[in-house]
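Observations on the model geometry
Each chain, letter by letter, is given below.
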Amino acid sequence: MPTSKANDEEVEEVYAGIEELMKHTKPHDNVIIMGDFNAIVGESGEGREVGDFGLGKRNARGERVVEFCRENGMIITNTRFQNPKRRIYTWKMPGDIARYQINYILIKNRFKNQMKFCKTCPSADCDSDHNIVIAKCELRYKKTQRTKVQQDNYNVRLLKRAEVV
């Protein structure tokens, strides 16, 4: 995503690109979108897109992320799991003035039960001012039943008699 200094047109271009890619997926495909959205979605106020455990108050870009999730049937997994405050923020302002949650993992609402937890690791040394966001997913594949191939039972004796006659 463009930084907070970018104008709204650049942000809309990125969302248009993501939506174009989403058109190429099937409705039953498991789609996960991760990244730095440079947006604050805060805690849930309405709808099912945002959980009860976000950080901060929603801003205009956060509203755009929620709108994107609503249009594509997705949820923001970071906000659905209760964690201590140190496991929620994903970016520290230089000088440790303030902490924000701006990196998100989005998943289709249909597959929300596969997410077991989501948190950040502030102690991970990744040479960035962002914290790593990790999530545990549990995938269960549906068992497919094999259809039995029906074998035709031919009476070979009758075939031999038919040849003789």
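How each quantity is defined
Residues numbered from 1 in each chain as written. Predicted model: local features only at pLDDT ≥ 70, side-chain atom pairs only at ≥ 80, totals over all residues. Heavy atoms only, no water. Helix = DSSP H or I, 4+ residues; strand = E, 2+ residues; numbered from the N terminus. Buried < 20%, exposed > 50% of the residue type's maximum accessible area, 1.4 Å probe, protein only. Phe/Tyr/Trp six-rings, centres within 6.5 Å; stacked < 30°, edge-to-face > 60°. pLDDT = per-residue confidence, 0-100.

In the annotation of an unreviewed UniProt entry, the entry for the protein chain reads Craniofacial development protein 2-like, and the organism field reads Sipha flava.

The next point concerns the environment of Gly-47. Note that Gly-47 resides in the loop between strand S1 (32–36) and helix H2 (60–72). A relative accessible area of 53% places Gly-47 in the exposed class. Spatially, the C-alpha atom of Gly-47 lies 8.4 Å from that of Arg-70, the residues being 23 residues apart in sequence.

With that out of the way, let us pick up the packing of aromatic side chains. Scanning the entire structure with this criterion turns up 3 aromatic pairs. With 5.5 Å between their ring centres and 45° between their planes, Tyr-15 and Phe-68 make a pair best called tilted. Here the residue Tyr-15 occupies a position in helix H1 (residues 8–23), and Phe-68 occupies one in helix H2, the gap between them amounting to 53 residues. By the burial criterion, Tyr-15 is buried, and Phe-68 matches it.

Positive phi is not limited to glycine here, since Asn-38 has a value of about 50°. Mapped onto the elements of the fold, Asn-38 is located in the loop between S1 and H2. Accessibility expressed as a relative area gives 17% for Asn-38, which makes it buried. The backbone of Asp-96 shows a phi angle near 55°, a positive value even though the residue is not glycine. With respect to the helices, strands and loops of the structure, Asp-96 is situated in the loop between strand S3 (91–92) and strand S4 (99–100).

Before going further, it helps to examine the confidence of the model for the protein chain. In the predicted model, the protein chain carries a mean pLDDT of 85, and the fraction of residues at 70 or more is 90%. The least confident element of the protein chain, judged by mean pLDDT, is helix H3 (residues 156–164) at 63; the most confident is strand S5 (residues 103–108) at 94.

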